[in-house]
Amino acid sequence: MGAEYHRPVMLEEVISGLRLVPNGLYFDATVGGGGHSYAILEREPTARLIATDKDGDAIEAAGKRLAPFEGRFRLVRADYKAYEQVLPEEKLDGFLIDLGISSHQIDDPSRGFSYRTDDAPLDMRMDRRSALTADDVVNRYPPAELRRILRDYGEETFANSIVKNIVRLREKKPLATCGELRRAVEEALPPAKRSAACARQTFQAIRIEVNGELDGLEGCLRGLVGRLKKHGRACVLTFHSLEDRIVKNVFRDLSTACICPKSIPVCVCGRRQVVEEITRKPLVASRQEQRENSRSICAKLRIAEKIVE
Ligand SMILES: C[S@@+](CC[C@H](N)C(=O)[O-])C[C@H]1O[C@@H](n2cnc3c(N)ncnc32)[C@H](O)[C@@H]1O
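Here goes a summary of the coordinates provided. Everything numeric here is computed off the predicted structure, so don't read it as measured data.

In this section: the site of the ligand. By nearness alone, 22 residues border the ligand, and G33, H36, D53, D98 and Q105 come closest of all. In this structure, G34 approaches the ligand through a main-chain N or O atom, which is 3.5 Å from an oxygen atom. In this structure, H36 approaches the ligand through a side-chain N or O atom, which is 2.8 Å from a nitrogen atom. Looking at side-chain class alone, the shell around the ligand contains seven nonpolar, 10 polar and five charged residues.

Time to look at the environment of R200. On the secondary structure map, R200 appears in helix α10 (residues 200–211). It is 16 Å that separates the C-alpha atoms of R200 and R148, two residues lying 52 residues apart in sequence.

A few words now on the packing of aromatic side chains. By the definition in use, this model includes two aromatic pairs. Aromatic side chains Y38 and F69 sit 5.0 Å apart centroid to centroid with 70 degrees between the ring planes, which places their arrangement in the edge-to-face category. Residue Y38 is located in helix α2 (residues 35–43), and its partner F69 is located in the loop between α3 (56–65) and β3 (73–77); the two are separated by 31 residues in the primary sequence. The class for Y38 is partly exposed, based on a relative accessible area of 24%.

Here we take up unusual backbone geometry. Here the phi dihedral of R19 falls at roughly 40 degrees; this positive angle occurs in a residue that is not glycine. With respect to the element layout, R19 can be found in the loop between α1 (11–18) and β1 (25–28). Take R19: its relative accessible area is 43%, and that puts it in the partly exposed class. One non-glycine residue, H231, adopts positive backbone phi at about 75 degrees. Topologically, H231 is positioned in strand β5 (residues 228–238).

Turning next to the pairing of strand β2 (residues 48–53). Taken across its six residues, β2 has five buried, putting it largely inside the fold. The pairing of β1 with β2 spans four bridges and is classified as parallel. In the strand pairing of β2, L25 is matched with R48. For the crossover that starts at β1, traverses α2 and ends in the parallel β2, the hand is right-handed. Looking at chain direction, β2 and β3 are connected through five bridges and run parallel.

Packing of helix α9 (residues 178–188) against α10 leaves a shortest axis separation of 9 Å and a crossing angle of 125 degrees. When the axis of α9 is compared with that of α10, the two are oblique. Two packed elements cross with a definite hand, and for α9 against α10 that hand is right-handed. Between α9 and α10, the residues in contact are C178, L181, R182 and V185 and T202, F203 and I206, respectively.

Take the nonpolar core next. Core analysis: the biggest nonpolar cluster contains 36 residues, and L150, L181 and I206 have the highest contact counts within it. Put simply, the parts of the chain that give this core at least two residues each are α6 (134–140), α7 (143–154), α8 (159–172), α9 and α10. With sequence-adjacent residues up to four places away left out, L181 is seen in contact with L122, V138, I166, L175, F203 and I206. Of all hydrophobic cores here, the second largest spans 28 residues; its members include Y83, V236, F251 and L254.

Paired through their backbone hydrogen bonds, the strands of a sheet run either parallel or antiparallel. One open sheet accounts for seven strands, arranged β3-β2-β1-β4-β5-β7-β6; its pairing is mixed. With one partner strand each, in any of the chains shown, β3 and β6 (275–277) form the two edges of the open sheet. This sheet shows a mean twist of 15 degrees between the axes of neighbouring strands, independent of strand direction. In the packing of α1 onto the sheet, contacts are made with β1, β4 (92–98), β5 and β7 (300–306), and the angle to β5 comes to roughly 160 degrees.

On to the packing of helix α11 (residues 217–226) against helix α12 (residues 241–254). Contact geometry of α11 with α12 gives a least axis separation of 10 Å together with a crossing angle of 40 degrees. If you check the angle between α11 and α12, you find them oblique. You can see that α11 and α12 cross each other, and the crossing is right-handed. Packed against α11, whose contacting residues are L217, E218, L221, R222 and V225, the element α12 presents I246, V247, V250, F251, D253 and L254 at the interface. Among the residues forming the contact of α11 with α12, the class breakdown is eight nonpolar, no polar and three charged.

Structurally, D123 is set in the loop between α5 (103–107) and α6. In this structure, the C-alpha to C-alpha distance between D123 and T177, residues 54 residues apart in sequence, is 8.8 Å. Setting aside residues no more than four positions away along its own chain, D123 makes contact with R111, G112, T133, A134 and V210. A distance of 2.9 Å separates a polar atom in the side chain of D123 from a polar atom in the side chain of R125.

The rules behind the values
- Residues numbered from 1 in each chain as written.
- Predicted model: local features only at pLDDT ≥ 70, side-chain atom pairs only at ≥ 80, totals over all residues.
- Heavy atoms only, no water.
- Near = heavy atom within 4 Å.
- Polar contact = N/O pair within 3.5 Å; in protein donor to acceptor, adjacent residues only side chain to side chain.
- Nonpolar A, V, L, I, M, F, W, Y, C, P; charged D, E, K, R; others polar.
- Helix = DSSP H or I, 4+ residues; strand = E, 2+ residues; numbered from the N terminus.
- Phe/Tyr/Trp six-rings, centres within 6.5 Å; stacked < 30°, edge-to-face > 60°.
- Buried < 20%, exposed > 50% of the residue type's maximum accessible area, 1.4 Å probe, protein only.
- Pairing = 2+ DSSP bridges.
- Right-handed = clockwise from strand over helix to strand, strands pointing away.
- Axes fitted to C-alpha atoms, helices over the stretch in contact; angles between N-to-C directions.
- Parallel < 35°, antiparallel > 145°, perpendicular 65-115°, else oblique.
- Left-handed = near helix turned anticlockwise from the far one by under 90°.
- Contact = heavy atoms within 4.5 Å.
- Core = buried A, V, L, I, M, F, W, Y, C linked by side-chain atoms within 4.5 Å.

Written as C-alpha cells, this is what we have:
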C-alpha cells in the first residue's frame, strides 16, 4: 500500500461541520485511509469513534493510521448500510459519510477502477468478497440495461453508440481489461469528443452499478439521522450530482415542518421538523484545495443538525 492512502477532502469543513463535543460518539461510515477519523480523534481527545468500510484494504490502512488512539475507536469491515448491526444503542453526536472511491482504489491497478490502466482486469469491486464485477456488467448485462446504467449513472450522452460498440465487440470476444473498455468507448464517440478522459462517465456508471452505490442511500441517511442525539450533526460528502440530489432531498424533507394549508387552523399532516440544514447550498472545496487535490474539485458537503430528541 502506498504512503498516502487517501487525502481527506474538505477536512476542516467536515470537522467544523461535525462540531465535536467532549465525550462525543461519532460514526465514520466510509473510513477509507482514516484521514477524517484521525482528525476527529485528534481534535477532540475525549471523542470515541466507530467506523466502517467494506474494503479490506481500507480497514487495514485505517487501523494503522488510527493506532495512536487505541482504545477510543472500533473499526468494522462492513457496508455502512448495515449500520444497525454495527452501532450500539447509544445515540451518536455526529456521523460522516464520505461517498465515492478512495485514491488507493483508483491508483491500485489490480482493482480495475481506472480508465487509465490498460491491463487491469474489469473488476471495480470496493468489497472484493462480493460477487458482481465490472466484467459481469460489461459482458453479460442486456444492452437495454447497460444503456440505462450509462445514461442514469454516468449521464453519458453517447450511451446508445457506446453500448452498441460494446455489444458488437463482446459478441466476438468478451472485453477483459480496462484498456479494452476504454477503447470501446473511444471508438464509439465522434472524433471531436475523443479525449484522454472520455471514458470517465462510462467507468463511473459501471462502478456505481457494481457497488450498488445509490441503492438504499436515502433510507440509510434517514435511519442514521434517527440515530443522532438532539444537536447531533450529519455531514455528507458527495462527488456526483445523483448522490448529491438524494442527500439534498432527504435533508430538505427532514427540515420541513407542517405542510397544512394556512386555511386549516390545526395541523392535520402531523409533520415535524427533524433537522435544521446548516448548509442550504452545499459547501465546496476552497480554490487552494482544488488546486492541490484534483479529487476535491467536484466535492459537495451538506451538513444538517438534528433538532429533536
Ligand atoms: C472517499 S473514500 C473515504 C476516505 C476517507 N474519508 C479518508 O479520510 O480517508 C470512500 C470510502 O468509502 C468506502 N465505501 C463506499 N461505499 C461504501 C459502503 N456502502 N459501505 C462501506 N464503505 C463504503 C470505499 O471503500 C472507500 O474506502
